[in-house]
Amino acid sequence: MRNLTAKELREMWIKFYVDKGHALIPSASLIPENDPTVLFTTAGMHPLVPFLLGEKHPCGKRLVNIQKCVRTGDIDEVGDDFHCTFFEMMGNWSLGDYFKKEKIAWSYEFLTSPEYLAIPKEDLVVSVFAGDESAPRDMECYEAWRSMGIDEGKIFFLPKENNWWILGSGVGPCGPDSEMFIDTGKPKCSVDCSPACSCGKYVEVGNDVYMQYVKKTKDGPVSPLEQKNVDTGFGFERILCLASKKDSVYDTELFVPIIKKIEEISGKYYLLNDDTKRNMRIIADHIRASVFMIADGVVPLNVEQGYVLRRLIRRSINCAYRLGFEGSRLAELVPVVAGIYSDVYPELTEKCEHIEQTIREENDRFSKTLSQGIKEFEKVAKFTQGGVLNGKTAFRLYDTFGFPLELTKELAKEKGLTVDEEGYKLAFSQHQEKSKAGNDKVFKGGLADSSIQTTRLHTAVHLLHAALRKVLGDDVYQKGSNITSERLRFDFNCDHKMTDEEKKRVEDLVNEAIDRAIPVTCEEMSLEEARKSGALGVFENKYGDKVKVYTIGDVSKEICGGPHANNTKELGHFRLVKEESSSAGVRRIKGVIESEA
Ligand code: SER
């Protein structure tokens, strides 16, 4: 396999697909804008769901990008050689254009050609879908791999658990996939050893999903999609690790500078022992993920994305404690992370100070919680009988006050007590099971139930934006928005708390536009034309060269990916539920629509 740097790998992926007629689109935010079913963007296809379902993409039918993603389902595995909570996914898409044959030929070329990854052909192993009641055995993929010269014995037919892809929410576009692996040459672990097993013989390098079906509800049937798509995901960190001949992603250039800095702060050697290594890896992963999340607007809170961020920072503080340094010093890692990505994500450098501050403030809040926890500990210690602090209590100290087990043990020791560690582990794993079941998901209903409502709310956001500019002035702009199937949230710059009259006027303007039953129209144009036409473009860097402009009569004109309602009358009635401060100079509105239909 070729030796590559991160920069070379990025450029190589993009060039390969741009040369094959794909338009480069930027990475979307880590916070899914119009999908209430999950907290974070978990795959490159995630921001593209409407387009995989048939909506026209302004940049065409062939797309390529490298997308920032967060997955926290395996957070407890972080610290091993490969797991990360934040990662980048190299992706390319065919939106109803080419399909299996072309895609397999390209994947094969990218993986094996000496110009690209140059993986020896004989090391390549693939899997394809074995077929079941919802879709047939994927002979098309099988034949396509055979025609590349892959031996029969290197093509594994695997069931749905391995070779079918759908978002974690269990709804949306989906289909059989074909995964690609490198055979490490290790002996088979059993006669049944296959890429489905985790013995380490086969290392996954990429996944091509053939999204030709849709699942509208979690428990509903799989139905064919009119548009047959390709969705590809190659893990950036994973491939970089292989291409730089390292045993772990933490040994690549994406992590080494962070780990060096942790060594410097802690005065400890990374390879001192397994615990040191694991704690340093957890900090490096969690702080890297936190930097990206904060840059995309997440703040530590007790709910939703903010809760995940809080957990990542607090876990890092605990690891810092174990390594013998103060949590506030974790902020020193922020410029290191920003430096690693300075040419790809320059916004990290721009936001460095804010990110450092967020981490320091969270550390202060956590210290306060810890001192409350110490008081709680004193109380329970007094009533502990038999010299053993029970496991449930130790877990509560961890869960509510963030006490790492080591801290509880130390405090207990000072009082001549021991801690029931088995009981603690049991309580911990019971809790883990519970949270795994609900991990990353925020909304119980399916995409199908929620999509009509979120589409309407999306249109309401445009009306609200226009109304706010009318009432508060033209220098008011959207600073951010977030939609769940229940409500919209809209942030905008404004230097004062809105008066009751202003709020009423905004609400009335939105409802007037709804009552006028204005058609919502969409045109495609270049970013430059859109700007000239007077369209509001809110987050300019997130669009490609071609954009969609949504017009709502004489009320609103905005650059936006959609989708939107066809007519404002579909919205029913808008109610402004809350107006509050979001951050300095930024106000936040929460609103709902009460459909009359
Ligand atoms: N969506 C697929 C994955 O995440 C391929 O991009 O693996």
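### Re the pairing of strand E16 (residues 556–559)
Two elements, strand E15 (residues 546–552) and E16, share four bridges in a ladder whose sense is antiparallel. By the bridge assignment for E16, Val549 is matched with Ile559. In this antiparallel pair of consecutive strands, E15 and E16, the connection spans three residues, and Gly553 shows a positive phi of 45°.

### Examining the environment of Gln430
As for its placement among the helices and strands, Gln430 is situated in helix H15 (residues 421–437). When the C-alpha atoms of Gln430 and Tyr321 are compared, they prove to be 25 Å apart, with 109 residues separating the residues in sequence.

### Considerations on the site of the ligand
Close contacts around the ligand come from Ala43, Met45, Arg71, Met89, Trp165, Asn207, Val209, Asp231, Thr232 and Gly233, and that covers them all. In this structure, an oxygen atom belonging to the ligand sits 3.1 Å away from a main-chain N or O atom of Gly233. For the ligand, whose accessible area on its own is 230 Å², the fraction buried by protein is 94%. Of all elements in the fold, only strand E8 (202–215) and strand E9 (222–235) reach the threshold of two or more residues within the shell around the ligand. Considering each element in turn, the shell around the ligand owes the most residues, three residues, to E9. In terms of residue class, the shell around the ligand is made up of five nonpolar, three polar and two charged.

### Comments concerning the environment of Lys121
By the element assignment, Lys121 lies in the loop between helix H3 (100–112) and strand E4 (124–129). Taking the C-alpha atoms as reference points, Lys121 and Ile182, separated by 61 residues in sequence, lie 9.4 Å from one another. Ignoring sequence-local partners within four residues, the contact set of Lys121 consists of Tyr108 and Thr112.

### Quick word on the environment of Lys351
Summarising the element assignment, Lys351 is placed in the loop between helix H11 (347–350) and helix H12 (352–383). Note on Lys351: relative accessible area 33%, which makes it partly exposed. Taking the C-alpha atoms as reference points, Lys351 and Ile294, 57 residues apart in sequence, are found 8.8 Å from one another.

### A short note on the sheet that holds strand E14 (residues 520–526)
An order of E14-E15-E16 is seen for the three strands of this open sheet, with the pairing classed as antiparallel. Edge positions in the sheet fall to E14 and E16, since each of these pairs with one other strand and no more. Pairwise comparison of adjacent strand axes, ignoring direction, gives a mean angle of 20° for this sheet.

### Side note on the packing of helix H8 (residues 274–295) against helix H9 (residues 304–323)
With their axes 9 Å apart at the nearest point, H8 and H9 run at an angle of 150° to one another. With respect to their mutual orientation, H8 and H9 come out roughly antiparallel. In this structure, H8 crosses over H9, and the sense of that crossing is left-handed. Residues Thr276, Asn279, Met280, Ile282, Ile283, His286, Ile287, Ala289, Ser290, Met293 and Ile294 of H8 touch H9, and the partners they reach there are Val308, Leu309, Leu312, Ile313, Arg315, Ser316, Cys319, Ala320, Arg322 and Leu323.

### Considerations on the pattern of salt bridges
Within this structure, the stated rule accounts for 37 salt bridges. Its salt-bridge partner being Lys409, residue Glu421 comes within 3.2 Å of it at the nearest N-O pair. With Glu421 in helix H15 and Lys409 in helix H14 (residues 405–414), this residue pair connects regions lying 12 residues apart in the sequence. For Glu421, a relative accessible area of 29% translates into the label partly exposed. For Lys409, a relative accessible area of 34% puts it in the partly exposed group.

### Details of unusual backbone geometry
Generally, phi is negative for residues other than glycine and the peptide bonds are trans, each holding for most cases. The backbone of Ala118 shows a phi angle near 55°, a positive value even though the residue is not glycine. When you line up the elements, Ala118 lands in the loop between H3 and E4. Residue classification places Ala118 among the partly exposed residues on the basis of a relative accessible area of 22%. A positive phi angle is found at Lys245, which is not glycine, with a value near 55°. Structurally, the position occupied by Lys245 is in the loop between helix H6 (236–243) and helix H7 (256–266).

### Some words on the side chain of Ser178
Looking at the secondary structure, you find Ser178 in strand E7 (residues 172–183). Residue Ser178 is classed as buried on the basis of its relative accessible area, which comes to 0%. Within polar-contact distance, the side chain of Ser178 engages the backbone oxygen of Ser127 at 3.0 Å. Here Trp145 takes part through its side chain, which lies 2.9 Å from a polar atom of the side chain of Ser178. Apart from residues lying up to four places away in sequence, Ser178 is in contact with Ser127, Val128, Cys141, Trp145, Asn163, Gly206, Asn207, Asp208 and Tyr210.

### Quick word on the sheet that holds strand E17 (residues 574–583)
With antiparallel pairing, four strands are arranged side by side in an open sheet as E12-E13-E18-E17. The outermost strands of the open sheet, each flanked by one partner alone, are strand E12 (478–483) and E17. Sheet twist, expressed as the average angle between the axes of neighbouring strands with direction ignored, equals 20°. Sheet analysis places E17 next to strand E18 (residues 586–593), joined by eight bridges and oriented antiparallel. Bridge pairing in E18 places Glu580 opposite Arg588.

### Re the packing of aromatic side chains
Evaluated as defined, the whole model comprises 27 aromatic pairs. A ring pair is formed by Tyr17 and Trp106, whose centres lie 6.4 Å apart and whose planes are at 75°; its orientation type is edge-to-face. One end of the pair, Tyr17, is in helix H1 (residues 6–18); the other, Trp106, is in helix H3, and 89 residues separate them in sequence. Assessed through its relative accessible area of 0%, Tyr17 is described here as buried. Ring geometry for Phe110 and Phe234: centres 6.2 Å apart, planes at 80°, overall edge-to-face. Taken together, the residues span a long stretch of sequence, with Phe110 in helix H3 and Phe234 in strand E9 at a distance of 124 residues. We classify Phe110 as buried; its relative accessible area is 0%. On the basis of relative accessible area, Phe234 is assigned to the buried category, the value being 1%. A network of ring pairs unites the aromatic residues Trp13, Phe16, Tyr17, Tyr98, Trp106, Phe110, Tyr116 and Phe234 as a single cluster. For Lys20, the ring lying beneath its charged end belongs to Phe16, and the centroid distance is 4.1 Å. Positioned over the ring face of Trp164 is Lys160, at 4.6 Å from the centre of the ring.

### Let's talk about the confidence of the model for the protein chain
In the predicted model, the protein chain carries a mean pLDDT of 90, and 95% of its residues have values of at least 70. Contacts of residues 438–449 to residues separated by more than four positions or lying in other chains number 29 contacts, the stretch itself having pLDDT below 50.

Cut-offs used in this document
Residues numbered from 1 in each chain as written. Predicted model: local features only at pLDDT ≥ 70, side-chain atom pairs only at ≥ 80, totals over all residues. Heavy atoms only, no water. Pairing = 2+ DSSP bridges. Helix = DSSP H or I, 4+ residues; strand = E, 2+ residues; numbered from the N terminus. Near = heavy atom within 4 Å. Polar contact = N/O pair within 3.5 Å; in protein donor to acceptor, adjacent residues only side chain to side chain. Areas by Shrake-Rupley, 256 points an atom, 1.4 Å probe, with all protein chains shown as cover. Nonpolar A, V, L, I, M, F, W, Y, C, P; charged D, E, K, R; others polar. Contact = heavy atoms within 4.5 Å. Buried < 20%, exposed > 50% of the residue type's maximum accessible area, 1.4 Å probe, protein only. Axes fitted to C-alpha atoms, helices over the stretch in contact; angles between N-to-C directions. Parallel < 35°, antiparallel > 145°, perpendicular 65-115°, else oblique. Left-handed = near helix turned anticlockwise from the far one by under 90°. Salt bridge = Lys/Arg side-chain N within 4 Å of Asp/Glu carboxyl O. Phe/Tyr/Trp six-rings, centres within 6.5 Å; stacked < 30°, edge-to-face > 60°. Lys NZ or Arg CZ within 6 Å of the ring centre and 35° of its normal. pLDDT = per-residue confidence, 0-100.

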